[in-house]
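Next come the chains, spelled out residue by residue.
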Amino acid sequence: MFVQMKRIVVKEGFSELVLNRFSGEGKLEKQPGYIDRTVLKKNVRRGDEEVIVYVRWESEADWKNWEKHPDHIAGHKANLGKPKPDHVIESSQNTYHVHAVR
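Rules used in this analysis
- Residues numbered from 1 in each chain as written.
- Predicted model: local features only at pLDDT ≥ 70, side-chain atom pairs only at ≥ 80, totals over all residues.
- Heavy atoms only, no water.
- Helix = DSSP H or I, 4+ residues; strand = E, 2+ residues; numbered from the N terminus.
- Contact = heavy atoms within 4.5 Å.
- Salt bridge = Lys/Arg side-chain N within 4 Å of Asp/Glu carboxyl O.
- Buried < 20%, exposed > 50% of the residue type's maximum accessible area, 1.4 Å probe, protein only.
- UniProt positions renumbered as here; feature names shortened; annotations may be inferred.
- Polar contact = N/O pair within 3.5 Å; in protein donor to acceptor, adjacent residues only side chain to side chain.
- Axes fitted to C-alpha atoms, helices over the stretch in contact; angles between N-to-C directions.
- Parallel < 35°, antiparallel > 145°, perpendicular 65-115°, else oblique.
- Nonpolar A, V, L, I, M, F, W, Y, C, P; charged D, E, K, R; others polar.
- Core = buried A, V, L, I, M, F, W, Y, C linked by side-chain atoms within 4.5 Å.
- Arc of directions from axis to C-beta.

1. Looking at the side chain of histidine 87
Line of reasoning, step 1. Inspection of the secondary structure assignment puts histidine 87 in the loop between α3 (70-77) and β4 (88-97).
Line of reasoning, step 2. Discounting chain neighbours no more than four positions away, the residues touching histidine 87 are Val9, Val10, Lys11, Phe14 and Leu17.

Laid out in structure tokens, this is it:
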């Protein structure tokens, strides 16, 4: 199993925008090797808010096929050259090979 994890930090009051963007159904769910997606919001009382998008794949090859898929590329090209939204403070992505699930 292979996991892609995105971390997005936004200004206070803006996490709902990110949650809505990543919680809906789209073309990702139809991709071969896609298992599921979990969207998490960090529990904070005030201040910057954090959202984690955790996507599980059968294999790294399945994830790479999605990264190269025309639908995925088109989605990113639509935002090419645009500045990141003012409410986004930081974003990062990491990938992991799963070694154990209990």
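2. Comments concerning the pattern of salt bridges
Line of reasoning, step 1. Using the criterion set out here, one finds seven salt bridges in the structure.
Line of reasoning, step 2. For the salt bridge of glutamate 29 with arginine 37, the shortest nitrogen-to-oxygen distance reads 2.3 Å.
Line of reasoning, step 3. Given the relative accessible area of 24%, glutamate 29 is considered partly exposed.
Line of reasoning, step 4. Judged by its relative accessible area of 22%, arginine 37 falls in the partly exposed class.

3. Comments concerning the UniProt feature "domain: ABM" (unreviewed entry) in the protein
Line of reasoning, step 1. If you check UniProt for "domain: ABM" (unreviewed entry), the listed places come out as residues 2-98 in our numbering.
Line of reasoning, step 2. Within the segment residues 2-98, helix and strand shares are 27% and 37% respectively, and the terminal C-alpha atoms sit 6 Å apart.

4. Things to note about the environment of aspartate 36
Line of reasoning, step 1. Secondary-structure assignment places aspartate 36 in strand β2 (residues 34-41).
Line of reasoning, step 2. Overall, the relative accessible area of 25% leaves aspartate 36 in the partly exposed class.
Line of reasoning, step 3. With 45 residues separating them in the primary sequence, aspartate 36 and glycine 81 have C-alpha atoms 30 Å apart.
Line of reasoning, step 4. Setting aside anything within four residues of it in sequence, one finds aspartate 36 in contact with Tyr54, Val55 and Arg56.
Line of reasoning, step 5. Within the local environment of aspartate 36, its side chain forms a polar contact with the side chain of arginine 56, the two groups lying 2.8 Å apart.

5. A closer look at the packing of helix α2 (residues 60-68) against α3
Line of reasoning, step 1. It is at 5 Å that the axes of α2 and α3 come closest, and there the two elements cross at 50°. Relative to α3, the element α2 is oriented oblique. Contact residues: α2 offers Trp66, Glu67 and Lys68, while α3 offers Pro70, Asp71, His72 and Ile73.
Line of reasoning, step 2. Counted by class, the contact of α2 with α3 contains three nonpolar, one polar and three charged residues.

6. Brief notes about the nonpolar core
Line of reasoning, step 1. Ile8, Val18, Leu28, Val55 and Trp57 are the most contacted members of the largest nonpolar core, which totals 15 residues.
Line of reasoning, step 2. Contributing elements (two or more residues each) for this core: β1 (2-10), α1 (15-23), β3 (49-57) and α2.
Line of reasoning, step 3. For this core, the element with the highest residue contribution is β3, accounting for four residues.
Line of reasoning, step 4. In this structure, isoleucine 8 is in contact with Val18, Phe22, Glu49, Glu50, Val51, Val88, Glu90 and Ser91, ignoring residues within four places of it in sequence.

7. Brief notes about α1
Line of reasoning, step 1. Of the positions making up α1, those classed as buried are Ser15, Val18, Leu19 and Phe22. Viewed end-on, α1 has its buried residues packed into an arc of 100°, placing them on one side of the element. Opposite its buried face, α1 presents the exposed residues Leu17, Asn20 and Arg21, each directed more than 90 degrees away.
Line of reasoning, step 2. The secondary structure elements touched by the buried residues of α1 are β1, β2 and β3.

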